[in-house]
Each structure stands twice: as structure tokens, then as C-alpha cells.
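Fold and geometry: a report
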Amino acid sequence: MVGLMDVASTGRVTLPDPDGPPLVELGQLSEPSDVDAMAAGVLDAFDVLGREPMQAIVRSAHLDEHGTPIAEMAADPERLRTWVEHNATGFYHVSSTCRDGIVTDPYGRVLGYDGVFVCDASVFPTSLGLNPQETIWGITARNTTKLALDIFRKNCSLTTPAE
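Now for a description of the structure that goes with this document. Everything numeric here is computed off the predicted structure, so don't read it as measured data. (Residues numbered from 1 in each chain as written. Predicted model: local features only at pLDDT ≥ 70, side-chain atom pairs only at ≥ 80, totals over all residues. Heavy atoms only, no water.)

**Some words on the nonpolar core**
In this structure, V35, M38, A39, V42, F46, L63, I70, M73, L80 and V84 together form the largest nonpolar core, which totals ten residues. Elements that contribute at least two residues to this core include exactly α1 (32-49), α3 (70-74) and α4 (77-87). In terms of residues, this core owes the most to one element, α1, which gives five residues. Those residues in contact with F46 that lie beyond four places of it in its chain are L63, I70, M73, A74 and L80. One finds V118, F124, I136 and I139 within the second-largest nonpolar core, a separate group that totals eight residues. (Core = buried A, V, L, I, M, F, W, Y, C linked by side-chain atoms within 4.5 Å. Buried < 20%, exposed > 50% of the residue type's maximum accessible area, 1.4 Å probe, protein only. Helix = DSSP H or I, 4+ residues; strand = E, 2+ residues; numbered from the N terminus. Contact = heavy atoms within 4.5 Å.)

Structure, rendered in C-alpha cells:
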């Protein structure tokens, strides 16, 4: 499996109907540099498949339903690039769709909307280039703690008993 961890392509999330679901447009491989990087990764994977000990366990490898051999595809960079554009699919950690400071405040509150919060990788300014899970946990813990404190301060008053 070949994947890119640091990408230039961007997508977007919009709310065409305020009462309906959001529209998520991933925009994967929308930047030529990402297509080039993915094609380079596929070439690297081809190279690995052609080496020992992989040859001992891989009887044949092809890229499509026509049985196109890897060597044939690897020899034609433009054909490989076209193949990547049409066949690469995602395993992804969608991020940066509700960037902190642009869509949300530092605590994940969506600007201009009361009671709407974002507590995931959407608030990242860019892709982290690594698994984001622990960072998301940290953001979620911080933002929910802030939310709980704000609710407590708004709805409760602290008094001391009269002496």
C-alpha cells in the first residue's frame, strides 16, 4: 500500500442547507505535486515487489483488469501518472477542514455559531504527517474541559457559608 502523509491537496466542508448534512469534498490528489509523489511511491512499491524475498512469494503482479504488467506501467511515467489519478483511493485522516483561527476559535467553537464545536483533526492548520490520534485526544480533552468550565461558570455560583 502506498500513501502520502504530507499533502498539498486541499478539500472543503460546506453546509449548503443549514438544516441538512454537510457537504464534504476531499479534494484528494487535486494538486499535481501529490499525483507526482503518489506515482513515485507506486514506483518504489514496484521496486520492492521485484526484489528478493518478495519474488519468492509474489507469483505475478499487475495493475488492472487487463493484466498490465508492472514493468510496462513503470516504463511509461505519463501512463503511470494517469493510472494513479484514476485509481488511487484514500486511506486518510481528513484534517484542516475547519482550521483554528479561520473557522473556529482556539477552543473549537465555530465562529458565528453558538453551540457548535469541533474537536478533531479538522482544526489542525495543516496535515501532521503522522498518525493524529493522540493529538486529537489532547485537543478534545482541552476543548471539552474549557466547555465544561464555561457551562459551570455560566450556570453555577460559588458561595461560602455565612459565619
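Now that the structure has been shown, the text picks up again.
**Some words on the pattern of salt bridges**
Evaluated as defined, the whole model comprises eight salt bridges. Across the salt bridge formed by R12 and E25, the nearest N and O atoms sit 2.7 Å from each other. With R12 in strand β1 (residues 12-14) and E25 in strand β2 (residues 23-25), the pair connects residues that are 13 residues apart, well separated along the chain. For R109, the salt bridge is made with D150, and the minimal N-O distance between the two is 3.0 Å. Of this pair, R109 sits in the loop between α4 and α5 (133-155) while D150 sits in helix α5; the two residues are 41 residues apart in sequence, bridging distant segments of the chain. Judged by its relative accessible area of 24%, D150 is partly exposed. (Salt bridge = Lys/Arg side-chain N within 4 Å of Asp/Glu carboxyl O.)

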